[in-house]
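An overview of the molecular structure
Listed below, chain by chain, are the residues.
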Amino acid sequence: MVAMEPIPLLTPHRMGRFDLSHRVVLAPLTRCRSYGNVPQPHAAVYYSQRATRGSLLISEGTIVSDTGLGFPELPGIWTQQQVEAWKPIVDAVHRKGALFFCQIGHMGRVSTNDFQPDGQAPISSTDKQIAPDAETGMVYSKPRQLRTDEIPAIVDDFRRAARNAIKAGFDGVEIHGAHGLLLEQFMKDSSNDRTDKYGGSLENRCRFVVEVIDAIVGEVGADHVGIRLSPFVDYMDCYDSNPQVLGEYMVQQLNNYEGLLYCHMVEPRMAIVDGRRQIPHGLLPFRKAFNGTFIAAGGYEREEGNRVVSDGYADLVAYGRLFLANPDLPKRFELDAPLNKYDRSTFYTQDPIIGYTDYPFLDDDSNVE
Ligand SMILES: Cc1cc2nc3c(=O)[nH]c(=O)nc-3n(C[C@H](O)[C@H](O)[C@H](O)COP(=O)(O)O)c2cc1C
């Protein structure tokens, strides 16, 4: 009998001191099911369903302080109660033999006064409000521009969150520097109109995120740190006039930290070519420049994932919606099995089961295409 070659996505990869048995990563996915901002026991079921020996899971965006909230029932990691609540969830993932990184972030102006302590304005790089979303009807509140002297305290919030994540048992943290949240509000010139040392030049706009990276590396060590960036994405009115240069600058900064584990980048938005959705593959220059493990995300399925791994375009591929709907995604990729379809309507609902832990496994009788 001839042994079958594994598909590229299912080959091993060494990330720093971690040995991964395959390259199919669970992307960070906000699920809005952590009541009172405290992670719940049902999260242990959800994450362990998606854990396999030697795999890498990234948690949903987990908030660093009470000013960082913006959507309902987000998990936090700034109180002892939250840290204790994460522990059994992390344990459940570790029992399956997987690695678990905590994505830590602050939503900045992607928020409303209702989510803020004492109903204050959300904080940001700017006073500029996000334009109301015509599609969803969502209106974010007018933010308040942080004063220069307030920024060190926010850096400390990130530092504490990283320390707490390690205390909770996570193998490391992923800094959320993507998707129009606070760190990106500073990085991109559409949302940074500051005149202090955190605004203006590229170096100034990136100063805050670099201070956050520096603080976290100092606290938990570069070999416990990854970051997610999305220079090309324009969510939440956050875009840059020169995303290429922004991405390159950030990669240079990351390379200053020897052993920093990974750079996780989100592809530019899908382009439709000849009626087919095509991944633009705009990340190659960053992949080439970065010294550590490179993770690509955004619109990948099995075939494209295999291709980018075998081409050396990415070391690992993060899957969001497909992994949400297919708890056994690596197995399905191995067998080239049909995939469950995701249900967008339950992405952000608060039920502990529906749209969360009830997607069928391949070997469930209830499995449907
Ligand atoms: C329900 C949902 C929640 C998400 N939450 C986060 C998040 O907390 N942090 C983050 O960086 N990206 C988040 N994303 C983006 C995903 O991580 C991923 O980049 C995106 O879904 C594109 O990848 P995909 O085509 O594999 O789904 C979310 C996406 C979805 C659909």
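As annotated in an unreviewed UniProt entry, the protein chain is NADH:flavin oxidoreductase/NADH oxidase N-terminal domain-containing protein from Lolium multiflorum. In its Cofactor (unreviewed entry) section, the UniProt entry covering the protein chain states "FMN". As recorded by UniProt, the Sequence similarities (unreviewed entry) comment attached to the protein chain reads in full: "Belongs to the NADH:flavin oxidoreductase/NADH oxidase family."

Let us now look at the site of the ligand. Around the ligand sit 16 residues in total, of which Pro 28, Thr 30, Arg 228, Gly 299 and Arg 321 are the nearest. Pro 28 has a polar backbone atom sitting 2.8 Å from an oxygen atom of the ligand. In this structure, Arg 228 approaches the ligand through a side-chain N or O atom, which is 2.8 Å from an oxygen atom. When isolated, the ligand has an accessible area of 610 Å², and the protein chains bury 89% of it.

Moving on, we come to empty space enclosed by the protein. Applying the stated criterion across every chain yields a total of one cavity of 30 Å³ or more. Considered as a void within the structure, the largest cavity measures approximately 40 Å³ in volume. Where the lining of the largest cavity is concerned, the elements lending two or more residues are helix H4 (182-187) and helix H7 (243-255). Residue contributions to the lining of the largest cavity peak at three residues, all from H7. When the residues that make up the lining of the largest cavity are grouped by side-chain class, the tally is five nonpolar, three polar and two charged.

This paragraph deals with the packing of helix H1 (residues 41-49) against helix H2 (residues 80-95). It is at 8 Å that the axes of H1 and H2 come closest, and there the two elements cross at 25°. Regarding the angle of H1 to H2, the classification is roughly parallel. Viewed along their axes, H1 and H2 form a crossing whose handedness is right-handed. Where H1 approaches H2, its residues Ala 43, Ala 44, Tyr 47 and Ser 48 are matched on the opposing element by Trp 86, Pro 88, Ile 89, Ala 92 and Val 93. Per-class residue counts for the contact of H1 with H2 are eight nonpolar, one polar and no charged.

Once that is clear, we can look at the pattern of salt bridges. Side chains bearing opposite charge may pair, as long as their charged atoms lie close to each other. Under the definition given, this model contains 17 salt bridges. Residue Asp 315 is joined to Arg 287 by a salt bridge in which the shortest nitrogen-to-oxygen separation is 2.8 Å. Linking Asp 315 in the loop between helix H9 (302-311) and strand S15 (316-319) with Arg 287 in helix H8 (residues 284-289), this pair joins segments that are 28 residues apart in sequence. No difference in accessibility class separates Asp 315 from Arg 287, as the two residues are buried. Salt-bridge contacts for Arg 302 lead to Asp 336; the nearest nitrogen and oxygen are separated by 3.6 Å. One end of the pair, Arg 302, is in helix H9; the other, Asp 336, is in the segment after helix H11 (329-335), and 34 residues separate them in sequence. The exposure class assigned to Asp 336 is exposed, which follows from its relative accessible area of 52%. When salt bridges with common partners are traced through the structure, they connect Arg 144, Arg 147, Asp 149 and Glu 150 into a single cluster.

Cut-offs applied
- Residues numbered from 1 in each chain as written.
- Predicted model: local features only at pLDDT ≥ 70, side-chain atom pairs only at ≥ 80, totals over all residues.
- Heavy atoms only, no water.
- UniProt positions renumbered as here; feature names shortened; annotations may be inferred.
- Near = heavy atom within 4 Å.
- Polar contact = N/O pair within 3.5 Å; in protein donor to acceptor, adjacent residues only side chain to side chain.
- Areas by Shrake-Rupley, 256 points an atom, 1.4 Å probe, with all protein chains shown as cover.
- 1 Å grid on protein atoms, 1.4 Å probe; cavity = no way out; pocket = protein on both sides within 12 Å on 5 of 7 lines; lining within 4 Å.
- Points joined across faces, edges and corners; volume = space filled by probe spheres on them.
- Helix = DSSP H or I, 4+ residues; strand = E, 2+ residues; numbered from the N terminus.
- Nonpolar A, V, L, I, M, F, W, Y, C, P; charged D, E, K, R; others polar.
- Axes fitted to C-alpha atoms, helices over the stretch in contact; angles between N-to-C directions.
- Parallel < 35°, antiparallel > 145°, perpendicular 65-115°, else oblique.
- Left-handed = near helix turned anticlockwise from the far one by under 90°.
- Contact = heavy atoms within 4.5 Å.
- Salt bridge = Lys/Arg side-chain N within 4 Å of Asp/Glu carboxyl O.
- Buried < 20%, exposed > 50% of the residue type's maximum accessible area, 1.4 Å probe, protein only.

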